[in-house]
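# Secondary and tertiary structure notes
Here are the chains, one letter per residue:
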Amino acid sequence: MPRGRYSLHDPHDHTPLGEEHFHCAPGPSGWRYVSQVINPSGDHAGSVDLTLDDLGRPIRLELHAASWQVRGAAIEGVTWVRTDPTGTHATEGNVRAHAFTGTSPAFLIATARLLRLTPDSSATRLRLVAFTDPVLAPRTLDQSWALMKREAHATDNGPLMVEEYQVTALDTGEQHAVHISGDVVLAAPGIELEDLDSPPSVFT
């Protein structure tokens, strides 16, 4: 069960956005990721709880940020309920999309797990619902993912398999690289792995 810490920053101007302290592991249902988000001043800023099934589909999502809360799952596309800070006005949403996304590294692992790309496969297009900080407002977006290469890197604990993905935002054409090993993001725009207490889990 990897435990560790990501630092988060604005991918454009590199303004620090805080840290995400996480643990994750494969389980009987698929994979689960739980984290607490700390803002730059050291205060609690939110949390992420994501469970995937064996096929990489989100069967349970719970997000908290700035007193807002979202609960969602893959039902007829993706379905969610977003609750305001007072708890009196809940809004429901449903989109014919493949999965959820957001600022947490968990969503990059989830998307890679859902697609299961190989280096010789063509780029795959998918539709995602993003929940944007700080109020978890939903936004539908389209991306293209391609697995550029898969390489083994020598470490003190043996070889570490690293996958490099090219992710393209289809509305702007902007491209960026995402580096993943097992169920840990090594590097991505706005995300840096700062601490990891055990090797990443290997998906079968």
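Residues numbered from 1 in each chain as written. Predicted model: local features only at pLDDT ≥ 70, side-chain atom pairs only at ≥ 80, totals over all residues. Heavy atoms only, no water.

By the naming in an unreviewed UniProt entry, the protein goes by Glycolipid-binding domain-containing protein and is assigned to Streptomyces sporangiiformans.

Here the focus is the overall build of the protein. Helix and strand counts for the protein come out as one helix and 15 strands. Each principal axis of the C-alpha atoms in the protein carries an extent, and together these give about 55 × 40 × 40 Å. Going through the 204 residues of the protein one by one, you find that 43% of them count as buried. As presented, the protein carries roughly 10500 Å² of accessible surface, and 52% of it is formed by carbon and sulfur atoms. Across the protein, the mean location of the 15 positive side-chain charges is 8 Å away from that of the 26 negative side-chain charges. (Helix = DSSP H or I, 4+ residues; strand = E, 2+ residues; numbered from the N terminus. Buried < 20%, exposed > 50% of the residue type's maximum accessible area, 1.4 Å probe, protein only. Areas by Shrake-Rupley, 256 points an atom, 1.4 Å probe, with all protein chains shown as cover. Lys, Arg positive; Asp, Glu negative; His and termini not counted. Charge placed at Lys NZ, Arg CZ, Asp CG, Glu CD.)

With that settled, the discussion passes to the packing of aromatic side chains. Overall, the coordinates contain seven aromatic pairs when judged by the stated rule. Judged by centre distance (4.6 Å) and plane angle (20°), the ring pair of Tyr 6 and Phe 22 falls under stacked. Of this pair, Tyr 6 sits in strand β1 (residues 3-9) while Phe 22 sits in strand β2 (residues 16-26), and the two are 16 residues apart along the sequence. On the numbers, 5.9 Å between centres and 40° between planes, the contact of Trp 31 with Tyr 33 is tilted. Since its relative accessible area comes to 2%, Trp 31 is described here as buried. Taken together, the aromatic side chains of Tyr 6, Phe 22, Trp 31, Tyr 33 and Phe 203 make up a single cluster linked through ring pairs. (Phe/Tyr/Trp six-rings, centres within 6.5 Å; stacked < 30°, edge-to-face > 60°.)

To continue, consider unusual backbone geometry. A negative phi angle characterises most non-glycine residues, just as the trans form characterises most peptide bonds. At the junction of Asp 133 and Pro 134, the peptide bond is cis and its omega measures out at 5° in the coordinates. By the element assignment, Pro 134 lies in the loop between β10 (124-132) and β11 (137-155). One non-glycine residue, Ala 66, lies in the positive phi region at around 50°. The residue Ala 66 is located in the loop between β5 (58-65) and β6 (68-73) in this model. You can call Ala 66 partly exposed: its relative accessible area is 45%. A positive phi is found at Leu 136, a non-glycine position, where the angle reads about 55°. Among the structural elements, Leu 136 can be located in the loop between β10 and β11. The exposure class of Leu 136 is buried, given its relative accessible area of 2%.

Let us now look at the nonpolar core. Proteins that are soluble and globular tend to have nonpolar side chains buried together. Core analysis: the largest hydrophobic core is formed by 45 residues, its most contacted members being Phe 131 and Trp 145. Considering every element that reaches this core, the biggest residue donor is helix α1 (residues 106-115), with seven residues. Once residues within four sequence positions are removed from consideration, Trp 145 is found in contact with Leu 108, Thr 111, Ala 112, Leu 115, Leu 117, Ser 122, Ala 123, Thr 124, Leu 126, Tyr 165, Gln 166 and Val 167. (Core = buried A, V, L, I, M, F, W, Y, C linked by side-chain atoms within 4.5 Å. Contact = heavy atoms within 4.5 Å.)

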